[in-house]
Amino acid sequence: MALGPSENLAKTKSQWHIGSWGNPYEGGGRPGKGVVSYALSPNRQRPMAMFISKGFWNVMRRSRNQVLYFIPPLVLAYGTMQWAIERNEFLNSKTGRALYGDEEE
């Protein structure tokens, strides 16, 4: 049994038994000074617990709210690229060089 400093029954030089291999909780001794323990909530321990049933619909809801911010710039960029490709092919063709070949940029 671990004896405290106020008890005068302690016959050994060290008055607290720290347990085997330095574990203060095993031998009944006092815990170490400044020891902090942390715990995680069940949601943090199992982040994918409800993903199959609720995760897909959450992704759909959040994507639906963002579609007007994402699709119009994408369509505009695609249209601009298609126009640029067609314009480049025209300017490098025989008719394009005939029309605009004498102009220097």
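Residues numbered from 1 in each chain as written. Predicted model: local features only at pLDDT ≥ 70, side-chain atom pairs only at ≥ 80, totals over all residues. Heavy atoms only, no water.

### Things to note about the overall build of the protein chain
- The helix and strand tally for the protein chain stands at three helices and zero strands.
- Starting at the N terminus and walking to the C terminus, you meet the elements of the protein chain as α-α-α.
- Counting over 105 residues, the protein chain shows a buried share of 7%.
- Residue pairs in contact within the protein chain that sit at least 24 positions apart in sequence constitute 10% of those at least 6 positions apart.
- If you sum the accessible surface of the protein chain, you get close to 10400 Å²; carbon and sulfur atoms cover 60% of it. (Helix = DSSP H or I, 4+ residues; strand = E, 2+ residues; numbered from the N terminus. Buried < 20%, exposed > 50% of the residue type's maximum accessible area, 1.4 Å probe, protein only. Contact = heavy atoms within 4.5 Å. Areas by Shrake-Rupley, 256 points an atom, 1.4 Å probe, with all protein chains shown as cover.)

### What about the packing of aromatic side chains?
- Under the definition given, this model contains two aromatic pairs.
- Where Phe 56 meets Trp 57, the ring centres are 5.0 Å apart and the plane angle is 75°; that geometry is what we call edge-to-face.
- Ring centres 6.4 Å apart and planes at 80° place the aromatic pair Phe 90 and Tyr 100 in the edge-to-face group. Of this pair, Phe 90 sits in helix α2 (residues 51–91) while Tyr 100 sits in helix α3 (residues 94–100), and the two are ten residues apart along the sequence.
- A relative accessible area of 34% places Tyr 100 in the partly exposed class.
- Positioned above the aromatic ring of Tyr 100 is the side chain of Arg 87, whose terminal nitrogen or guanidinium carbon lies 5.3 Å from the ring centre. (Phe/Tyr/Trp six-rings, centres within 6.5 Å; stacked < 30°, edge-to-face > 60°. Lys NZ or Arg CZ within 6 Å of the ring centre and 35° of its normal.)

### Points about the confidence of the model for the protein chain
- With 66% of its residues at a pLDDT of at least 70, the protein chain reaches an overall mean of 77.
- Of all secondary-structure elements in the protein chain, the lowest mean pLDDT belongs to helix α1 (residues 42–45), at 72, while α2 reaches the highest, 93. (pLDDT = per-residue confidence, 0-100.)

### A few points about a nonpolar patch on the surface
- A cluster of nonpolar side chains, contributed by Val 67, Leu 68, Phe 70, Ile 71, Leu 74 and Val 75, occupies part of the molecular surface with about 580 Å² of accessible area.
- The topology assignment puts Val 67 in helix α2.
- For Val 67, a relative accessible area of 37% corresponds to the partly exposed category. (Patch = residues over 30% accessible without salt bridge, like charges linked within 9 Å, V, L, I, M, F, W, Y side chains within 5 Å. Salt bridge = Lys/Arg side-chain N within 4 Å of Asp/Glu carboxyl O.)

### Concerning the environment of Ser 63
- Inspection of the secondary structure assignment puts Ser 63 in helix α2.
- Relative accessible area serves as the criterion here: at 40%, Ser 63 is assigned to the partly exposed category.
- At 2.8 Å, the side chain of Ser 63 and the backbone oxygen of Val 59 are in polar contact. (Polar contact = N/O pair within 3.5 Å; in protein donor to acceptor, adjacent residues only side chain to side chain.)

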